[in-house]
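What follows is each chain in one-letter form.
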Amino acid sequence: MNKDLPGHIRKAFRSVERYLPVVDVIVELVDARMPNGSRLKDFVGKLGKLSVIALSKADLADKEQTKHWIEKYKEKGCSCIALDCRDRNSVKNLSKLIRSVTLQANNAKSSPTRKVRRVMIIGIPNVGKSTLINSLAGRAAARAANMPGVTRSVQWIKISGELELLDLPGILDFGLLRRGDILKLINTIPGKDDDTYTKAKNLCRILYLTNNEHILPDYGVCEQNFDKYISDYARKMNFLVKGGNPDLQRATNDIVKRFQSGGFGRVTIENPEKDFSEVFAEYEKQEADDSEGLENV
Ligand SMILES: Nc1nc2c(ncn2[C@@H]2O[C@H](COP(=O)(O)OP(=O)(O)OP(=O)(O)O)[C@@H](O)[C@H]2O)c(=O)[nH]1
Ligand SMILES: [Mg+2]
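As a convention, each chain's residues are numbered from 1 in the sequence order in which they are written. Chain A is the first chain written and ligand 1 is the first ligand written, with later ones labelled in order. Note on the predicted model: pLDDT of at least 70 is required for a residue's local features to be given, and 80 or more for side-chain atom pairs to be given and counted; whole-chain, interface and lining totals, by contrast, use all residues. Calculated side-chain values reflect all of the structure's heavy atoms, with hydrogen atoms and water omitted.

Colleague: Help me understand the site of ligand 1, please; the structure alone is not making it clear to me.
Modeller: The local shell around ligand 1 holds 23 residues, among which D59, C85, K129, T131 and T151 are the closest. For ligand 1, a nitrogen atom lies 3.4 Å from a polar atom in the side chain of R86. Contact distances for ligand 1 include 2.8 Å between an oxygen atom and a backbone N or O atom of G149. To be clear on the numbers: accessible area is Shrake-Rupley with a 1.4 Å probe, and residue cover counts the displayed protein chains and nothing else. Compared with its free state, where it exposes 650 Å², ligand 1 has 91% of that area covered by protein. Broken down by class, the residue content of the shell around ligand 1 amounts to 10 nonpolar, eight polar and five charged. Being near a molecule or strand, for a residue, comes down to having at least one heavy atom within 4 Å of it. The term polar contact refers here to a pair of N or O atoms within 3.5 Å; inside protein, the definition further demands a hydrogen-donor-capable atom paired with an acceptor-capable atom, and it admits residues adjacent in sequence only when both atoms are side-chain atoms. By the convention adopted, Pro, Cys, Tyr, Trp, Phe, Met, Ile, Leu, Val and Ala count as nonpolar, Lys, Arg, Asp and Glu as charged, and the other residues, Gly among them, as polar.

Colleague: What am I meant to see in the pattern of salt bridges here?
Modeller: A side chain of one charge can pair with a side chain of the opposite charge if their charged atoms are brought near each other. Put simply, a salt bridge is a Lys or Arg side-chain nitrogen that is within 4 Å of an Asp or Glu carboxyl oxygen. On inspection of all chains with the given rule, the structure shows 15 salt bridges. A salt bridge links D31 to R33; the shortest N-O distance between them is 2.9 Å. Throughout this description, buried means an accessible area under 20% of the type-specific maximum (1.4 Å probe, protein chains only), exposed means over 50%, and partly exposed covers the range between. By relative accessible area, which is 2% here, D31 ends up buried. R33 sits in the buried class, given a relative accessible area of 2%. Here D195 and K184 are joined by a salt bridge, their closest N and O atoms 3.7 Å apart. Of this pair, D195 sits in the loop between α7 (180-185) and α8 (196-211) while K184 sits in helix α7, and the two are 11 residues apart along the sequence. For D195, a relative accessible area of 22% puts it in the partly exposed group. Helix and strand definitions here come from DSSP, where helices need a minimum of 4 consecutive H or I residues and strands a minimum of 2 consecutive E residues; each element is numbered from the N-terminal end.

Colleague: For this particular structure, what's the right way to read the packing of aromatic side chains?
Modeller: Describing an aromatic ring pair means giving the distance of the ring centres and the angle of the ring planes. Between rings of Phe, Tyr and Trp, where Trp is taken as its six-membered ring, a pair exists when centres lie within 6.5 Å; planes separated by under 30 degrees are stacked, by over 60 edge-to-face, and by other angles tilted. Scanning the model with the defined rule gives seven aromatic pairs in all. Judged by centre distance (6.0 Å) and plane angle (70°), the rings of Y208 and F226 are edge-to-face. Residue Y208 is located in helix α8, and its partner F226 is located in helix α9 (residues 226-236); the two are separated by 18 residues in the primary sequence. Of the residues examined, Y208 reaches a relative accessible area of 26% and is grouped as partly exposed. Plain terms: the ring middles of F280 and Y283 are 5.3 Å apart, the flat faces sit at 15° to each other, and that makes the pair stacked. Of this pair, F280 and Y283 both sit in helix α11 (residues 276-295), separated by three residues, roughly a single helical turn. When sorted by exposure, F280 lands in the same class as Y283, which is buried.

Colleague: What is the right way to read the sheet that holds strand β2 (residues 50-56) from this model?
Modeller: Backbone hydrogen bonds are what pair the strands of a sheet, in a parallel or an antiparallel way. Two strands are said to pair when DSSP picks up at least two bridges between them. Strands sit in the order β3-β2-β1-β4-β6-β5 across an open sheet of six strands; the sheet is mixed. Since the sheet does not close on itself, it has two edges, and those belong to β3 (79-82) and β5 (155-158), each with one partner. Averaged over all neighbouring strand pairs, the angle between strand axes comes to 25°, with direction disregarded. Here β5 runs beside strand β6 (residues 163-167); their pairing, made up of four bridges, is antiparallel. From the neighbouring strand, Q155 faces β6, where its bridge partner is D167. In what follows, a contact means two residues having at least one pair of non-hydrogen atoms within 4.5 Å. Axis definition: a line fitted to C-alpha atoms, over the contacting stretch in the case of helices. Angles run 0 to 180 degrees between N-to-C directions. On top of the sheet, helix α1 (residues 7-19) reaches β4 (117-123), β5 and β6; it is set at about 155° to β4, its chief contact.

Colleague: Help me understand the packing of α9 against helix α10 (residues 248-260) in this model?
Modeller: Relative orientation and spacing of two packed helices are given, respectively, by the angle between their axes and the distance between those axes. Contact pair α9 / α10: the axes reach a minimum separation of 9 Å and the direction vectors enclose 95°. On the basis of their axis angle, the class for α9 and α10 is roughly perpendicular. On α10, the residues touching Y229, I230, S231, Y233 and A234 of α9 are L248, A251, T252, D254, I255 and R258. In terms of residue class, the contact of α9 with α10 is built from seven nonpolar, two polar and two charged. Convention used here: angles under 35 degrees read as roughly parallel, angles over 145 as roughly antiparallel, angles from 65 to 115 as roughly perpendicular, and any remaining angle as oblique.

Colleague: When you look at the domain arrangement of the protein chain in this model, what are you seeing that I'm missing?
Modeller: A common way to express how large an interface is: the accessible area buried when the components associate. As assigned here, the protein chain comprises domain 1 (7-175) and domain 2 (191-292). Just so you know, the domain bounds were taken from an automatic or database domain assignment. With centres defined by C-alpha atoms, the gap from domain 1 to domain 2 works out at 31 Å. Around 1300 Å² of area is buried between domain 1 and domain 2 when both sides are counted, 47% of it from carbon and sulfur atoms. Throughout, the accessible surface (probe 1.4 Å) given up by two parts as they are put together, summed over both, is called the buried area. Three residues stand out in domain 1 for area buried against domain 2, namely R33, L60 and Q65, and they jointly supply 43% of the buried area on that side. Our count for the contact surface shared by domain 1 and domain 2 stands at zero salt bridges.

Have a look at this one:
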């Protein structure tokens, strides 16, 4: 654990260690829009517990790509499920999966099944841990809101006579933080307001690299000239300032918010068929070229 991480994240790491001995299953909650890029794979892997991967926000991700991600994880021997954490029916399938993996594991070891299953939900900030718990509990047992760092303390929440869940603050590591630009787009890391132009441009760039120009429809074709796309968008939306010039602040705010709430349709950033490290290396290269170009203007 690194001392430079925020206090509540360090606390979450310590809580994982503390409660691990009494936990039966770990639910590794990842964002369906970038599953590997939001996974704490090394950390969860080292815990040596039975675990399930749950893809949250599947309602915002491309259906076909989510199917591929599930197949991919299953091929690797992981139990995996896609969820809309806000939907009680969707999360019921997770309870069933938890029950079946614990039964299987106990049968394999010929050990008696404990009546209460204790489950720890681990995931990056704002991925939907508390929302998932609330949907399973059928009540607002944990505070949930659309900003990272909402859960600050650890609490057990009893779902039924058979299931107890541990809500933890979000966890991040430095491997994931290297792609902080992209995590800001899915609201894992708070972005400052004055940063929206960069954020919108980063969004256009990553979508261009992963999904091509068709992702941002109806507002001009998003060719590689993202500045032009943004000003075309502002004009199309009639976001204008005095003198008829495009209101870029309003346009970029709108682009990012619209993407985050699914207003551009169901979009998966991390394509299961492409190596995201390569995509991200290209993203960083283009961004550096772009900044250099600006400096030379
Ligand atoms: N569309 C959609 N929104 C979701 C889903 N799950 C959670 N959300 C929303 O995502 C936001 C964050 O949810 P939380 O449950 O607070 O996330 P968390 O992981 O507990 O966040 P921290 O406690 O800050 O780490 C809320 O606005 C939720 O309504 C989902 O499956 N689909
Ligand atoms: Mg929370």
